[in-house]
Amino acid sequence: MIQNLPRHHLPQDLLLEYAAGTTKATTSLLVACHLTLCPHCRREVSRLEEIGANLLEHQPDAEIADSVLARTLAALDTPASMAPVRASVANAHSSLMPLPLLDALAEKQAKLQRVLPGVRSAVLPLAKDLPPARLVLFQPGIRIPSHGHQSPEFVLVLDGLLEEEEQQFRRGDVAFSDTGKIHTQMIGAEGPCLALIVNEGPITPQTLWGKVLKRLVGL
Amino acid sequence: MALSPTLDDWIVQIANTQSKAAFESLFRNYTPKLKSFVMSLGASAGAADEVVQEAMISVWRRSAQFDPTRGSGGAWLFSIARNTFISHVRQQKRHEATEVDPAFVSDAPDPEQLTTATQFQEQLSTALRSLPVEQAAVLRQAYLLGHPLQQVANDQKIPLGTVKTRARLALQKLRTVFQAKEPT
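Quick caveat: nothing in here was measured; it's all calculated off a predicted structure.

Caption draft 1: Here's a closer look at the pairing of strand β2 (residues 119-124) of chain A. All names here are of chain A. Across three bridges, the pairing between strand β1 (residues 113-116) and β2 is antiparallel. Pairing of Q113 across the sheet is with S121, part of β2. Counting the residues in the hairpin turn of β1 and β2 gives two residues, including G118, whose phi is positive at 85°. As defined by bridge partners, β2 adjoins strand β3 (residues 133-138) across six bridges and the pair is classed as antiparallel. Looking across to β3, one finds that S121 is bridged to V136.

Caption draft 2: Region of interest: the interface of chain A and chain B. Listed by partner, the interface residues are 61 residues for chain A and 72 residues for chain B. Across the chain A to chain B interface the summed buried area is about 6000 Å²; carbon plus sulfur atoms make up 58%. Contact with chain B buries surface across chain A, with A:E50, A:L56 and A:E57 losing the most and accounting together for 12% of the total. Our count for the chain A to chain B interface comes out at eight salt bridges. Residue B:R82 is joined to A:E49 by a salt bridge in which the shortest nitrogen-to-oxygen separation is 2.9 Å. Applying the counting criterion to the chain A and chain B interface returns 25 residue pairs in polar contact (both at pLDDT 80 or more). The set of elements that each furnish at least two residues to the side of chain A that touches chain B consists of α1 (12-20), α2 (25-37), α3 (39-57), α4 (66-76) and α5 (99-107) of chain A. It is α3(A) that contributes the most residues to the side of chain A that touches chain B, 16 residues altogether. The residue inventory of the side of chain A that touches chain B, partitioned by class, reads 31 nonpolar, 13 polar and 17 charged.

Rules and cut-offs
Residues numbered from 1 in each chain as written. Chains lettered and ligands numbered in written order. Predicted model: local features only at pLDDT ≥ 70, side-chain atom pairs only at ≥ 80, totals over all residues. Heavy atoms only, no water. Pairing = 2+ DSSP bridges. Helix = DSSP H or I, 4+ residues; strand = E, 2+ residues; numbered from the N terminus. Contact = heavy atoms within 4.5 Å. Buried area = accessible area lost by both parts, 1.4 Å probe. Salt bridge = Lys/Arg side-chain N within 4 Å of Asp/Glu carboxyl O. Polar contact = N/O pair within 3.5 Å; in protein donor to acceptor, adjacent residues only side chain to side chain. Nonpolar A, V, L, I, M, F, W, Y, C, P; charged D, E, K, R; others polar.

Right, dumping it as structure tokens:
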């Protein structure tokens, strides 16, 4: 089967932070979802983990008491505790969602709810000090008005088409807007667009409609 | 010192025969570095012992998931230690892509990786040593101190853009090592 591979990838410095384990909770969810769909970025993360392994390898030896080995050996024969059963969040769109997203939706019991005509959103508050990640379902042809960013924004398209400045973003693609960027986005007319949206900080809408969207959708 | 050629063998032995001897060898050879790494990330000695213990239990339980065609045993061990630190000490959830996911888009494994992992890590060591000091410093702070790039910028009192440029230049130089390994 020929699968369409993403063409718009994550910035390399973000993959570096993900490999080093320092990405914020919401961003880390988006990275994991993109990696599920993108062999190219997975290879990149593997390389970055090889670098981590190399730096680890050159660490000095710390002292480990024999009791740690003894405790570890004793624990090996204890069966692993069962992973928590994932509460079902099955809906019409579940099959489009990578597992990390389904897990987060189940954990937060978040469901797509109508927030505006043509826009449904599920809110994922993953950390106290961060704006929540949002799963958003746009009906075809919706225009997202001009807005700016005080921090990076990532939009991972899971279905449908998002257009911005002549660029097209489809399943697996990430539309990345760096701090300071002001932009307008458009949902393709061909069908609904499902997207995971992560803002690492506040955004600055340029219009009244934008202010409404910011509050309700986080865009 | 390069990555021991036996690390991958030990992991495979644990997976195939549940060998406690192999596990003990791996433990004795690698946990002193793992502990040092976890303490460098910010754990106390006591917490680091717990992370090491948890990580090694994961090694035992997940050894069958190790795929030498997708990366070295060192990288696998690094990712387990990193994830255990994140969940145990930072108390955060680590989100990861998994191959069992029906949405997972697979690709062909790289057959070259198996034969060259050790030699490759040696070349990587050389390349890392030859990086300009300020570029190597960014990588060390990111991986070993667990600092986000913004924090690296704050600590060094330089703009975030400069940190990102240094990281990019460093990775560009290291990329030549990876490309030599992946004849695509």
